[in-house]
Amino acid sequence: MPPTQYITGAGVAPAPTGLSAVEAARRLAAAGANELPGQGPRTLPLIAREVLTEPMFLLLIAAAAIYVLLGDLREAAVLAVSIVVVLLITILQERRTEHALARLKDLSSPRALVVRDGVEQRIAGREVVVGDIVLLREGDRVPADGVLHSATALSADESILTGESLPVDKRAAAGASDAAARVYSGSLVVRGFGVAEITATGVRSEIGKIGRALATLGPEMTPLYREVRRVVRLVATAALALCALIAALYASSRNDWLGGVLAGVTVAMGVLPEEFPVVLTVFLAMGAWRISRVGVLTRRMPAIEAIGAATVLAVDKTGTLTENRMQLALIETSARQFDLRTGDVRLDDAAGSVLMTALAASEINAFDPMERAIYEGAELWIPREARELHTAELVREYDLTADLFAVTHVWRFGEAEEGLIAVKGAPETVLELCRVDGAQRNAWLARAAAHAGRGLRVLGVARGTHRRETLPASPREFELRLLGLICLADPLRSDVPAALVECARAGIRVVMITGDHPGTALAIAAEAGFDASGGALTGAELRGLSEAELRTRVRSVNIYARAQPDDKLRLVKALKENGEIIAMTGDGVNDAPALKAAHVGVAMGGRGSDVAREAAALVLVNDDFGSLVKAVRLGRRIYSNICHAMSYIISVHIPIAGLGLLPVLFGWPLLFFPVHVLFLEFVIDPACAFVFEADAESPDLMRRQPRPPGERLFSGPIVRRSVLLGAVVLAFAILQYWLALHLLSESAARALAFVAIVASNLALIFVSRSQTASLPALLAKPNRIFWWIAGLACFALVLTIYAPPVARVFQFAPPSVGAVCIVTAAGALLVLLTGRVLRQRT
């Protein structure tokens, strides 16, 4: 359809013709699509490559290669199958995340109404080029940066770029440097109409510049990844050295080099820590699935354990702590004040008149958040008057201008002689229109300032009457009477106060970083329950501090106002330099650099920008702040269970290595051959990967302080406890083997010793599920996977001893059932009692 003429505050503007289709196609080919950096979806090969280059997958592959070099192809095959299974699980999870993120993308390529060849047409936002004429109306997303040629009462929500929650008024360009005439990609038109010429698209837009800056920041490797990689290298080196030592000792003492190599390979199989990377990879893959069930998508798996270690949670106010929508909060008349947030409120006639007049001064089909809040309030408190307004006729509208920050509507009610003049706007402007001055003016301005200091948006409201004569050109000519003030607030999300309380109990410090005024930030902080004892630090003040001064200030200040993108990035870096583990939430493009620099970046899925989601490690699907706390809880549970699994791995490998080494040193018959170690691995591997992963969280999990940033997974107490448990199992098994060699045949003694090690191993799994819980508490802690594995292991053990074909493979002769029962009970009981003693000493 051909464009009409466009009415502006200065009159009627000629209809633009825009670019030709041919010229637009040429510019699109030359400059590229109007898309943000890194916006395209990750393909399946790219996801697979990223997963395979994760450090833990590389360690799994390296472990399999070591087994191939040792000649143990069966164990190498088991590891290869494990790699494939975990790889498939991880790729499917990543792919699922990508699909969910694709559904969330609503800002990167909005539909745009442009003029091409003199005809209005809607095109995909990615096809917009520099020079396009774009028509902007309420509810439109601005597709690219541009300058306004005309504007009628135009306001835009630029919070995605600046962090400011309040709409910004726009006007047609008055000069080359007129900032109020510029509109920005990703911002939302909340009121009015405008015609803009596009000046920058894609990476050249303001959003694109911020997105491009992210390429200079690399992802943060978590301490857990670094530590496990270091330990695996050390233990693998020690295992290979021990293999060579045992082979040399066996061969020199018995003149049997083949037997020596076999003994060395057996011990190396038992000591090589392939379970470490398996545990970490499986736990994180399953953790991504568990976290997705509470509304959090995982883009980078290491963030799952890192979120549980967070000591500081840095949050943006707009859209994260607040709902990014206005709510009618307070009405003030000359005599009374009505707080509409307190529940059961009854307005008197004066307050009802203020609200009715504010409604009459609002757009009929409001999109502006403030005007929508006024409509909602009117429907709740003055429904009859609101319905009456629908029967009236809007005679004239005086829009807000650069020199008159107020909106005036003139209404006519049927055949009535007098109509209604309704005015709302900036308090100082409304006071001027009402010709209020002197002490009365100062008193009203003081009231307005007090409300603004509490984080409220304040509007003055006035009314007058008119007859049917010709209306004046300016509302300044009306006789108006001041009625009072209305105050609006961007309300807190309902789950924020409870989430902050839980964070406080968990020892997590919460920091607010916002682009809002300090008074607004402090008011929201007080309402939410922040610790604001350190006051607020503005972006301007922050930029005046040296790096050392900033590191000192961030220890006590929790509220940061008027922050720019570079300020947020500096804050995150300063907190990290103080030894904090940072989780940063945000939704705007301005948050993206800090999201990527933080240990864990958490983007908002519903209101968040694509640039923020690309930079983040986690995405909150429904912008639910409570989901973040659930993610922290799950992260702590995952890390706790990883610790239990790692403790078990240390414990169980001590008797395996010792029972391979000690018979060689004592000159006894070999107890273990590769097939025995392989049997144990079929118990150990699923126990590590699934029993501990499925364990429920401890009741006090969110009442503990965050683990110290420098705390190691293999800390002294954990290693000592694990070694003691393993040493007890080794002592019992080797003593039992020595006694059996004197009483039974070599094959029967080997079988009985193997029973002892399997029974003790199952008991080790049980007691390693908690460092502090009692045996009754462990029994009450449900874990069906453990009982399945224990049952299958016992069934397989019976087959290896009493089924002749299988027994021959294991070089077993069947001992008596009574001896097997005694050894099983003794081994399990000894481990359980040792675990109880160690818990009492903890």
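Described in the following lines is the structure provided in the data block. (Residues numbered from 1 in each chain as written. Predicted model: local features only at pLDDT ≥ 70, side-chain atom pairs only at ≥ 80, totals over all residues. Heavy atoms only, no water.)

A short note on the sheet that holds strand 10 (residues 296–298)
Here we have 8 strands laid out as an open sheet, ordered 10-24-23-22-11-19-21-20, and mixed in their pairing. Here the strands that pair on one side only, and so sit at the sheet edges, are strand 10 and strand 20 (536–538). Neighbour-to-neighbour, the strand axes of this sheet turn through a mean angle of 20 degrees, independent of strand direction. As paired strands, strand 23 (residues 600–604) and strand 24 (residues 618–620) are joined by 3 bridges and run parallel to one another. Residue pairing in the sheet places valine 602 in a bridge with leucine 618 of strand 24. (Pairing = 2+ DSSP bridges. Helix = DSSP H or I, 4+ residues; strand = E, 2+ residues; numbered from the N terminus. Axes fitted to C-alpha atoms, helices over the stretch in contact; angles between N-to-C directions.)

Quick notes on the sheet that holds strand 13 (residues 337–339)
Judged by pairing direction, the sheet is antiparallel, and its 7 strands sit side by side in the order 13-12-18-17-16-15-14 without closing on themselves. In the strand order of this sheet, the two ends are held by strand 13 and strand 14 (393–398), each with one partner. With strand direction ignored, the average angle separating the axes of adjacent strands in the sheet is 25 degrees. As paired elements, strand 15 (residues 406–412) and strand 16 (residues 419–425) share 6 bridges and run antiparallel to each other. Considered in strand 16, the bridge of threonine 408 is made with valine 423. Each of strand 12 (327–332), strand 13, strand 17 (457–466) and strand 18 (481–489) is contacted by helix 16 (residues 438–453), which is oriented at about 10 degrees to strand 18, the strand it contacts most. (Contact = heavy atoms within 4.5 Å.)

Topic: the packing of aromatic side chains
Considering all chains together, one arrives at 10 aromatic pairs under this definition. On the numbers, 5.8 Å between centres and 85 degrees between planes, the contact of tyrosine 398 with phenylalanine 478 is edge-to-face. Placement of tyrosine 398 in strand 14 and of phenylalanine 478 in the loop between strand 17 and strand 18 is noted, with a sequence separation of 80 residues between them. For phenylalanine 478, a relative accessible area of 6% puts it in the buried group. Across the ring face of tryptophan 444, the terminal group of arginine 447 is positioned such that the distance to the ring centre comes to 4.4 Å. Over the ring of tyrosine 639 we find arginine 707; its NZ or CZ atom is 3.3 Å from the centre of that ring. (Phe/Tyr/Trp six-rings, centres within 6.5 Å; stacked < 30°, edge-to-face > 60°. Buried < 20%, exposed > 50% of the residue type's maximum accessible area, 1.4 Å probe, protein only. Lys NZ or Arg CZ within 6 Å of the ring centre and 35° of its normal.)

Some points on helix 17 (residues 496–505)
Among all positions in helix 17, only Val496, Ala499, Leu500, Glu502 and Cys503 are buried. For helix 17, the buried positions fall inside an angular range of 160 degrees around the axis, keeping them on one side. Seen from the open side of helix 17, the exposed residues pointing more than 90 degrees away from its buried face are Ala498 and Ala504. Downstream of helix 17 by a residue or two, glycine 507 has a phi angle that is positive, lying close to 75 degrees. (Arc of directions from axis to C-beta.)

Remarks on the pattern of salt bridges
Summed over all chains, the structure comprises 19 salt bridges. The residue arginine 26 makes a salt bridge to glutamate 23 at a minimum N-O spacing of 2.7 Å. Of the two residues, arginine 26 and glutamate 23 both sit in helix 1 (residues 21–31), 3 residues apart, roughly one turn of that helix. The exposure class of glutamate 23 is partly exposed, given its relative accessible area of 22%. With a closest N to O distance of 2.8 Å, lysine 424 and glutamate 371 form a salt bridge. Of this pair, lysine 424 sits in strand 16 while glutamate 371 sits in helix 13 (residues 369–381), placing them 53 residues apart in sequence. The pair lysine 424 / glutamate 371 is uniform in exposure class, with both members buried. Salt bridges linked by common partners bring Glu23, Arg26 and Arg27 together as one network. (Salt bridge = Lys/Arg side-chain N within 4 Å of Asp/Glu carboxyl O.)

Some remarks on the nonpolar core
Among the nonpolar cores identified, the biggest contains 115 residues, and Phe530, Phe625, Tyr648, Phe672, Leu680, Phe754 and Ile765 are the most heavily contacted of them. Among the elements that take part in this core, helix 24 (residues 625–666) stands out by supplying 19 residues, more than any other. Excluding its chain neighbours within four sequence positions, the residues that come into contact with phenylalanine 754 are Phe672, His676, Phe679, Leu680, Leu797 and Phe812. (Core = buried A, V, L, I, M, F, W, Y, C linked by side-chain atoms within 4.5 Å.)

A look at the packing of helix 17 against helix 24
Helices that pack against each other are described as a pair by the angle of their axes relative to one another and the distance between those axes. One can describe the packing of helix 17 onto helix 24 by two numbers: an axis separation of 8 Å at closest approach and a directional angle of 25 degrees. By the criterion of interaxial angle, the relationship of helix 17 to helix 24 is roughly parallel. By crossing handedness, the relation of helix 17 to helix 24 is classed as left-handed. Note on element contacts: helix 24 touches helix 17 through Phe625, Val629 and Arg633, opposite Val496, Ala499, Leu500, Glu502 and Cys503. Tallied by class, the residues present in the contact of helix 17 with helix 24 amount to 6 nonpolar, no polar and 2 charged. (Parallel < 35°, antiparallel > 145°, perpendicular 65-115°, else oblique. Left-handed = near helix turned anticlockwise from the far one by under 90°. Nonpolar A, V, L, I, M, F, W, Y, C, P; charged D, E, K, R; others polar.)

Describing helix 27 (residues 746–767)
For helix 27, which comprises 22 residues, the first-to-last C-alpha distance of 31 Å matches the rise-based estimate of 32 Å (1.5 Å per residue) to within 8%. Here helix 27 lies mainly inside the structure; 20 of its 22 residues are buried. (Expected span 1.5 Å × (residues − 1).)

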